[in-house]
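Results of the structural survey
Take a look at the letters that make up each chain.
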Amino acid sequence: MTAARTLRAGLVVAMGLLTAALTLVGAPRAEALDGDDFTAGMIITDSLFFDGTSLNAGAIDEFIAKKNPGCAVGRTCIENYVEDITSRAADSRCKAIAAKKNQTAGEIIATVGAACGISPKAILVILQKEQSLITSTSPSSHAFAYAMGAGCPDTPQGCDTPYQGLFAQVYYGSWLLKGYTLPTSSHYNRYGAGRTSAIAYDVESYNSPPTCDFVDVYVENQATHALYVYTPYTPNQAALDNLYGSGDRCSAYGNRNFWRMYNDWFGSTRAGQSLVRAAGSSNVYLLTPEGRWAFDGDVPVSEYSDLGKVGVVSSGYVKSFPLRGTVSHYIYDTGVDEVWAVYGGERHRIGGCASDLVTALGVDCDAIPRMDRAEALRIDRGDRIRPLVVTETGDMYYLERAGRHAVSGPEAPADSGAGYTGDVTTVPAALLTDVARLEVMVADGEAVTNGSHVLYRGGDAIGRVGKRLWDQAHLDRYIAEPVGIAGGDWIVPEDYQQLSGFIRAADAGTTYMFRLWGLTEVGDAAPEDHVAVISDSLVPDAPVNVGMPLFVAAVGDDDTYMVDSYGARLIPPHAKRYEVANALGVGVTAATVPTTVFQSIGRGPDMLDFGAVVAVDGTSEKWFIDGGATRWRVYSRQAAELSGGVITTVDASAVEPYATGDGYGTLGMRCLRSVWMVVGGERYELTEEEAAHLEAAFPFRTVQWATCRALPEADQEGGRVLEKPAGAQFLVTDGVASRVTRGEDVSAYGEPVRVLRSTVALFGG
């Protein structure tokens, strides 16, 4: 079809349209509608014209039934019209349409409208203005054959299109209207949106010479552009002056009647809010009677989608609305004088401008769009916002006039004295961005955390505890799983009761230490400077042991420590805890405690290696360490043999915790049922007879088995033959060392034990 054959006149087939204009049966006259309100460049907004789902099939059929006063007997009217829908493949203009049998007019119009993106309301108006089909009680077959006037150019041939029948006409007419808006269309620039075009008043304007005028029209949007391509005439003043009748010989009525009927049936083609953007721009605005409001990205346009699709209009049209501000989540409904929040595609009632919630949310009623009641009602209604809200991320808050409280749960406001119990409303976090933050609220038996600290309530008291202690003591098992609170919401008074590794119930007076699982009642053994006195109701309901443990291990630390009056003392890595326990006559059980408990106990000097020889820094003292509790004083000449030459210098505080043995340490030791001589840092096992000969020179000390075990055992047994470094050998008899002469056989006394010269001197002789 050429452009010339798409020309639509206001007069269709010998003044048919004029007849339609004069016989609007059942169409109520809108008393407020005035021809002066007609704007040639904006017949209808894009958001209304291209809303393909503005009515569903049922609503369309119901509308037709209300508008049609009753079909003549024996005739087919649009009210009782049924036709098959034939399938249509998808193309650049319309989506695919599946074939369906026996479809009503409403089903046909709804199907095509949704597929092609043309408003069913606009289709209904076009059907009426072209053939009076909506109100006619006795339509002709011609009226159904050319229902939309599609393919009926203002030529002598008139209607010659193969697209005949209601479905074919509705589809073809919608397909044409949508196609005119595509840049690829040959008609895209004809009466193009955003430009001024000369538009005829009537078909006679095309006479040569013209007998009717043209008028320059700035076409503001795509919907108006499409209507002018479809029906290329604009009403003259005579047609507008007699809005419901005829004008003069140069009057055309097609676009006038479309505008008038739409206003009469569905309301203003421009009234109320709409979503628009200027052609060539991505900036979307919400239009209200007071001006335009920009979407700046903080609030998606989709939140206001109930107001219609975003329409592409001219920049001049956009700029005709003064810029008032930025779209937020809030609107003011002038019909009820209240603020509503728009989110989730719904409007949620908050209250009047002076209400506590509106004040809490920081809404400035002078800085939000004012929407009339009818327009506001187009947005689906959601739950009313209550003082207790939860965001999409699960953060819960209690709102009061001064701001917001992060809460542990729905009961927190009541338990905190706010007196509120009620429903929880889900709101987007964006609504709370500018709301003042107030003190955190915690319900009885619940807890909250910011990742570093935990607050929990017990009765009327709130306890504050470090997150590490909370986790290491597994307090979530005995109190509650903490609810996460955002760092910015962590508003906590300094006077909350602070828990530490050791706590004391204020009324009961009982002192406890936290351990990995539960509590230990420690009484006076607690480090008093680190005991936190708390309300009895804050003491966790956890298993309780009694008595300060002797051995502890900090959470995450593989080492074990012995606790005494000096603090927590590290047990040497090679030592066995039971060996220390046996030496002290105490139980061997170790308690794993939180880090803060371990720190409160304090570190004492590390326990020295069993069997080690140490020199006290700054003194001549040397000590042999016997197990975990005793030290023996040793002479320098003994020290070398006992240590194998490795003597560690330590501070005096390192040996202070050890009890001093009676006398001096020697090279002879008894442990369990064995007798040993220590030479070169190794132990040589002796028989009792051999020990008796050596013991005559120096006593054998009874030491812990752990001390003997810590000294490496030599690869031979001991004996009575000692050998100096130079090779001279000596036989010890009753504590006296005698030189072995050349050729003397002493093999019966065992292999020689290599010793220092100073060691031989211990035996005299």
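Anything mentioned here points back to the structure above.
Every value quoted in this text rests on a predicted model; they were computed, and no experiment measured them.

Put simply, Ser-208 and Pro-209 share a cis peptide bond, and its omega is -5°. Here Pro-209 is to be found in the loop between strand 3 (195-200) and strand 4 (214-219). Even without a glycine there, the phi angle at Tyr-191 is positive, about 55°. With respect to the secondary-structure elements, Tyr-191 resides in the loop between helix 7 (166-179) and strand 3. Residue Tyr-191 is classed as buried on the basis of its relative accessible area, which comes to 6%. Positioned with a positive phi, Asp-337 is a non-glycine residue whose angle comes to about 55°. By secondary structure assignment, the location of Asp-337 is in the loop between strand 10 (330-333) and strand 11 (338-343).

Take the pairing of strand 11 next. For strand 11, the buried fraction is high: 6 of the 6 residues fall into the buried class. When strand 10 meets strand 11, the two strands line up antiparallel, connected through 4 bridges. Bridge pairing links Tyr-332 to Val-339 in strand 11. Turn length for the strand 10-strand 11 hairpin, with the two strands adjacent in sequence and antiparallel, is 4 residues, and the turn residue Asp-337 shows positive phi of about 55°. Sheet topology places strand 11 next to strand 12 (residues 346-351); 5 bridges connect them, and they run antiparallel. Among the inter-strand pairings, Trp-340 is bridged to a residue of strand 12, identified as Arg-349. The turn linking strand 11 back onto strand 12 is made up of 2 residues, and Gly-344 within it adopts a positive phi angle of 65°.

Where like charges cluster on the molecular surface, the negative patch consists of Asp-34, Asp-36, Asp-37 and Asp-241. Within the secondary structure, Asp-241 sits in helix 9 (residues 237-241).

On to the packing of aromatic side chains, then. In total, this model carries 22 aromatic pairs according to the counting rule given. Ring centres 5.3 Å apart and planes at 85° place the aromatic pair Phe-38 and Trp-259 in the edge-to-face group. Taken together, the residues Phe-38 in the loop between helix 1 (16-22) and helix 2 (46-49) and Trp-259 in helix 10 (residues 254-266) connect sequence positions 221 residues apart. Take Phe-38 and Trp-259: they sit in the same class, and that class is buried. Grouped by ring-pair contacts, the aromatic residues Phe-49, Phe-50, Phe-63, Phe-258, Tyr-262, Trp-265 and Phe-266 constitute a single cluster.

To continue, consider the packing of helix 5 (residues 120-131) against helix 10. Running from amino to carboxyl end, helix 5 crosses helix 10 at an angle of 125°, the nearest separation of the two axes being 9 Å. Our classification of the angle between helix 5 and helix 10 gives oblique. Where helix 5 crosses over helix 10, the handedness of that crossing is right-handed. For the pair helix 5 and helix 10, the contacting residues are Lys-121, Ala-122, Leu-124, Val-125, Ile-126, Gln-128 and Lys-129 in the first and Gly-254, Asn-257, Phe-258, Met-261, Tyr-262, Trp-265 and Phe-266 in the second. When its residues are assigned to classes, the contact of helix 5 with helix 10 shows 9 nonpolar, 3 polar and 2 charged.

With that settled, consider the environment of Thr-589. When you line up the elements, Thr-589 lands in the loop between helix 17 (577-584) and strand 32 (590-593). Residue class for Thr-589 comes out exposed when judged on its relative accessible area of 63%. Note: C-alpha distance between Thr-589 and Ile-134 (455 residues apart in sequence) is 94 Å. Not counting the four nearest positions on each side in its chain, Thr-589 is found in contact with Phe-551 and Arg-577.

A word on the pattern of salt bridges. If the charged atoms of two oppositely charged side chains come close together, the side chains can form a pair. Going through the model one piece at a time under the given rule, you end up with 20 salt bridges. Between Arg-709 and Glu-579 there is a salt bridge, and its shortest N-O distance comes to 2.8 Å. Of the two residues, Arg-709 is situated in helix 22 (residues 705-710) and Glu-579 in helix 17; the sequence distance between them amounts to 130 residues. Glu-579 gets classed as buried once you look at its relative accessible area, which sits at 6%.

Conventions we followed
- Residues numbered from 1 in each chain as written.
- Predicted model: local features only at pLDDT ≥ 70, side-chain atom pairs only at ≥ 80, totals over all residues.
- Heavy atoms only, no water.
- Helix = DSSP H or I, 4+ residues; strand = E, 2+ residues; numbered from the N terminus.
- Buried < 20%, exposed > 50% of the residue type's maximum accessible area, 1.4 Å probe, protein only.
- Pairing = 2+ DSSP bridges.
- Patch = residues over 30% accessible without salt bridge, like charges linked within 9 Å, V, L, I, M, F, W, Y side chains within 5 Å.
- Areas by Shrake-Rupley, 256 points an atom, 1.4 Å probe, with all protein chains shown as cover.
- Salt bridge = Lys/Arg side-chain N within 4 Å of Asp/Glu carboxyl O.
- Lys, Arg positive; Asp, Glu negative; His and termini not counted.
- Charge placed at Lys NZ, Arg CZ, Asp CG, Glu CD.
- Phe/Tyr/Trp six-rings, centres within 6.5 Å; stacked < 30°, edge-to-face > 60°.
- Axes fitted to C-alpha atoms, helices over the stretch in contact; angles between N-to-C directions.
- Parallel < 35°, antiparallel > 145°, perpendicular 65-115°, else oblique.
- Left-handed = near helix turned anticlockwise from the far one by under 90°.
- Contact = heavy atoms within 4.5 Å.
- Nonpolar A, V, L, I, M, F, W, Y, C, P; charged D, E, K, R; others polar.

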